[in-house]
Amino acid sequence: MVLADLDKRAELTVWPSSEPAHTARGQAFSTLREALVAAAESIQANDAQPWIITEDGDILSPRWIRANADPHQLQ
């Protein structure tokens, strides 16, 4: 992944960690940067399990997001 990828579209799906899977919510973002910020915030606020699919088809797992997404650095 390169810095230019942060400006491409992405889709975020947030799976709750304590509810049935059918309650997942998805949202499209105009940039990966926005999706990463939302994913990091959902982890901090709800202990959720966010997954991101990038415009190029890469799948970013909750573990990857936790290790690489700091909402203060991405904004």
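The structure under discussion appears in the preceding block.
Quantities reported herein were computed from a predicted structural model and do not represent experimental measurements.

1. A few points about the overall build of the chain
- Looking only at helices and strands, one finds three helices and four strands in the chain.
- Moving toward the C terminus, one meets the helices and strands of the chain in the order β-β-α-β-β-α-α.
- Looking at the chain residue by residue over its 75 residues, the buried ones come to 33%.
- Counted over contacts in the chain with a minimum sequence separation of 6, partners at least 24 positions apart contribute 49%.

2. What to know about the pairing of strand β3 (residues 49-54)
- Here β3 shows a clear split, with Pro50, Ile52 and Thr54 buried on one side and none of Gln49, Trp51 and Ile53 buried on the other.
- Sheet topology note: the strand β1 (residues 10-15)/β3 ladder contains six bridges and is antiparallel. Of the residues in β3, the one forming a bridge with alanine 10 is threonine 54.
- Note that β3 and strand β4 (residues 59-60) share two bridges and pair antiparallel.

3. A short note on the environment of arginine 9
- Looking at the element boundaries, arginine 9 is found in the segment before β1.
- Residue classification places arginine 9 among the exposed residues on the basis of a relative accessible area of 54%.
- Put simply, arginine 9 and leucine 32 are 23 residues apart on the chain and 5.7 Å apart in space, counted from C-alpha to C-alpha.

4. Quick look at the pairing of β1
- Covered by surrounding structure in β1 are Ala10, Leu12 and Val14 only, the residues Glu11, Thr13 and Trp15 on the alternate face being uncovered.
- In the sheet, β1 pairs with strand β2 (residues 25-29) via five bridges, with the strands oriented antiparallel. Bridge assignment links threonine 13 to a residue of β2, and that residue is glycine 26.

5. A short note on the sheet that holds β1
- What the four strands build is an open sheet, ordered β2-β1-β3-β4; its pairing is antiparallel. For this open sheet the edge positions go to β2 and β4, each flanked by a neighbour on one side alone.
- Helix α1 (residues 32-46) contacts β1, β2, β3 and β4 of the sheet and is inclined by roughly 170° relative to β3.

The rules behind each value
Residues numbered from 1 in each chain as written. Predicted model: local features only at pLDDT ≥ 70, side-chain atom pairs only at ≥ 80, totals over all residues. Heavy atoms only, no water. Helix = DSSP H or I, 4+ residues; strand = E, 2+ residues; numbered from the N terminus. Buried < 20%, exposed > 50% of the residue type's maximum accessible area, 1.4 Å probe, protein only. Contact = heavy atoms within 4.5 Å. Pairing = 2+ DSSP bridges. Axes fitted to C-alpha atoms, helices over the stretch in contact; angles between N-to-C directions.

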